[in-house]
Amino acid sequence: MDNLEFLLPLAVFGGIALFFFIVIKGITDYLLKKKMIDKGYVNEEGKSLFQEEKSGNKYSALKWGLIAFFGGISLVLIEFIPFGPESSLPYGLVILFVAAGFLVYYSIVKKENEQ
């Protein structure tokens, strides 16, 4: 019997428990904030603290799309490049492509902000 055999059920149970904790905490926080606002415990200035902060970055989806795209390209290339089991080539290739994705994102955002 493998000593690490108990880790899979533990990880699955822990993941499910974490998911339920996050969902329940989000719901209860929302209900608490709503009740506080409805009962008048919070003035108009304080209501802004309870509102969700909207991201000022309108290119957030572009950033993560480019990172995923370039990371995917690197994984496809790794499939076709022969390397040894001790090689660090796959790690370097993924890092280079993800960095290239960030640089493409940066150049696009910089051009848009200059206009």
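Residues numbered from 1 in each chain as written. Predicted model: local features only at pLDDT ≥ 70, side-chain atom pairs only at ≥ 80, totals over all residues. Heavy atoms only, no water.

**Some points on a nonpolar patch on the surface**
Which entries qualify depends on this criterion: By definition, no residue in a patch forms a salt bridge, and every one has over 30% relative accessible area; like charges are joined within 9 Å, nonpolar side chains (Val, Leu, Ile, Met, Phe, Trp, Tyr) within 5 Å. Only the protein chains shown count as covering a residue, and every accessible area follows the Shrake-Rupley method with a 1.4 Å probe. By salt bridge we mean one thing: a side-chain nitrogen of Lys or Arg within 4 Å of a carboxyl oxygen of Asp or Glu. Strands are runs of DSSP state E lasting at least 2 residues, helices are runs of H or I lasting at least 4, and numbering of each runs from the N terminus. Three labels apply to residues, based on accessible area from a 1.4 Å probe with only protein chains included: buried if under 20% of the type maximum, exposed if over 50%, partly exposed otherwise in between.
Taken together, Leu8, Val12, Ile16, Phe19, Phe20, Val23, Ile24, Ile27, Tyr30 and Leu31 make up a surface patch of nonpolar side chains, about 990 Å² in accessible area. Within the fold, Tyr30 resides in helix α1 (residues 7-38). In this structure Tyr30 comes out as exposed when scored by relative accessible area, which is 52%.

**Quick notes on α1**
Applied cut-off: How far a helix is expected to stretch is found by multiplying one less than its residue total by 1.5 Å.
Between its first and last C-alpha atoms α1 spans 46 Å; for 32 residues at 1.5 Å apiece the expected length is 46 Å, and the two agree. At the exit of α1 stands Gly40, carrying a positive phi of roughly 85°.

**Topic: the pattern of salt bridges**
For the coordinates displayed, the defined rule picks out 2 salt bridges. The residue Asp29 makes a salt bridge to Lys25 at a minimum N-O spacing of 3.1 Å. Of this pair, Asp29 and Lys25 both sit in helix α1, 4 residues apart, roughly one helical turn. According to the relative accessible area criterion, Asp29 is partly exposed, its value standing at 30%. When its relative accessible area of 40% is taken as the criterion, Lys25 is described as partly exposed. In this structure, the salt-bridge partner of Lys34 is Asp38, at a minimum N-O distance of 3.8 Å. Here the residue Lys34 and the residue Asp38 both occupy positions in helix α1, the gap between them amounting to 4 residues, near one helical turn.

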